[in-house]
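Chain by chain, the residues:
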Amino acid sequence: MKSFKPLVPFLKRHLGSYVLGVLFLMLVDAIQLIPPHLLGKATDDLKNGLMTPKLLGLYAAAIIGLALAVACGRFLWRMNLIGASRKLEMDLRNHLFNKLLELSPGYYDNKEIPEIQDEDPIKINSLEGHITIKNLTFRYKKELKPVLSDINIDLKPGQTLGVTGRTGSGKTTLARLLLRQYPVPTNSIFFDGIGINDIPLKTLRENIGFVPQDSFLFSDTLSGNIGFAGNFPDEEIIKAAKLSAIDKEIRDFPKGYSTIVGERGVTLSGGQKQRISIARALIKNPRILILDDCLSAVDASTEEKILMNLKSYLSGRTSIIISHRISAIKDCDEIIVLEQGKIFERGNHEQLLEKGGIYAQMYRHQLLEENLLKEA
Ligand SMILES: Nc1ncnc2c1ncn2[C@@H]1O[C@H](COP(=O)(O)OP(=O)(O)O)[C@@H](O)[C@H]1O
Ligand SMILES: [Mg+2]
């Protein structure tokens, strides 16, 4: 019966015409099952008075009954096949998505991607969102120098962490370690007090919504791109699109949410792709959200709108916002500035400004830039 589930939304949408069509097909099936010579013989017998109409009626009813039963069986079998193939398609998509998430950084840099697998995990399905990082030092290969050194963070459920720092300072690496896309040293990352290597990968990745730095879209409809990780109803797809401030632009396309993107369809701007990618993470309704510089290509006012929308969405969820722009992280409970893999400065926005270090300098620069843009 499980394989019928993916068909439910489709059936609901076209129920009337579907039932009519099925009945008609069954009737055709049934008629086809009556052997023609039998029909001929029955007509002859009837003409010669060998068969009474009543007997013929009974005879016909039996044949049609049998035919309908066969047709029903055949129909259910066919539906089962369609349902199973839909399910297979969805499983494959999810698998592909996870693979692509793992691939995207190394793929472009031509770097090796390790195969990470579960090893005797503890059976848990959900996470509360308490993230603890203890003395985390990480190198991509033994012979390379560490990309992250001595990182310590305690993020309580519902809190937000802002991460900033130059390109190459280790921000993306930190995010990818939280998703266990690379081998994580034992006793360095904990979720709800449980070592990350003891948590089933499936649980970990289902509970974390991750928006990667480089977003990618499938050659599919816009709604398919947002909701492809599951069978989401249209309302939820629209809700996620609104939160990501992309709903209006989607509706401006002649085919709206059914617009095909990619090779065979329309081309989206970098900022539009990023927002689709955000919507894709939000619709999962995860306990933990990690945004990896995913607002870099949207303009300042759209960024502000998305951040405003996210405020209520994020309440109660643990989130990590990685960004070059101070405007995206200034309201976080804690902010860290990474420099060559080390936490160089930490505190909240006010504390960091008071300190007058890199963060304060970045903030002044960005304010200046913004004002120049406004004047221009
Ligand atoms: N798969 C990899 N293998 C080896 N080195 C890598 C890999 N991915 C990133 N690095 C290196 O790790 C450092 C930190 O990169 P990254 O975490 O992407 O920084 P950021 O996101 O802050 O720009 C960089 O020097 C980068 O070249
Ligand atoms: Mg990065």
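Residues numbered from 1 in each chain as written. Chains lettered and ligands numbered in written order. Predicted model: local features only at pLDDT ≥ 70, side-chain atom pairs only at ≥ 80, totals over all residues. Heavy atoms only, no water.

Draft legend 1. Examining the packing of aromatic side chains more closely. Applying the stated criterion to the full structure yields four aromatic pairs. Ring centres of Phe138 and Tyr140 lie 5.0 Å apart, and the angle between their planes is 80°; on these two criteria the pair is classed as edge-to-face. Here the aromatic rings of Phe216 and Phe218 are separated by 6.0 Å at their centres, their planes lie at 85°, and the arrangement is edge-to-face. The pair Phe216 / Phe218 is uniform in exposure class, with both members buried. Three or more aromatic residues joined by ring pairs form one cluster here, namely Phe138, Tyr140 and Tyr182. Sitting over the ring of Phe190, Lys134 keeps its end group 5.0 Å from the ring centre. (Phe/Tyr/Trp six-rings, centres within 6.5 Å; stacked < 30°, edge-to-face > 60°. Buried < 20%, exposed > 50% of the residue type's maximum accessible area, 1.4 Å probe, protein only. Lys NZ or Arg CZ within 6 Å of the ring centre and 35° of its normal.)

Draft legend 2. Just the sheet that holds strand 4 (residues 189-191), in detail. If you trace the four strands from one edge of the open sheet to the other, you get 2-1-4-5, paired in antiparallel fashion. Of all strands in the sheet, those with a lone pairing partner are strand 2 (148-155) and strand 5 (194-195), marking the two edges. Strands in contact with helix 5 (residues 171-178) are strand 1 (131-138), strand 2 and strand 4; relative to strand 1, the strand with the most contacts, it is inclined by about 120°. (Pairing = 2+ DSSP bridges. Helix = DSSP H or I, 4+ residues; strand = E, 2+ residues; numbered from the N terminus. Contact = heavy atoms within 4.5 Å. Axes fitted to C-alpha atoms, helices over the stretch in contact; angles between N-to-C directions.)

Draft legend 3. Structural view of the coordination of the magnesium ion (ligand 2). At the metal site, the magnesium ion (ligand 2) is ligated by Thr172 (OG1) and Gln213 (OE1), and these contacts range over 2.0 to 2.5 Å. With Thr172 in helix 5 and Gln213 in the loop between strand 6 (208-211) and helix 7 (222-227), this pair connects stretches of sequence that are 41 residues apart. (Donors = N, O, S within 2.8 Å, 3.2 Å for Na, K, Ca; no water.)

Draft legend 4. Representation of the domain arrangement of the chain in the model. By the assigned domains, the chain splits into domain 1 (2-109) and domain 2 (131-218 + 272-375). Between domain 1 and domain 2, the C-alpha centre-to-centre distance is 51 Å. (Domains from an automatic or database assignment.)

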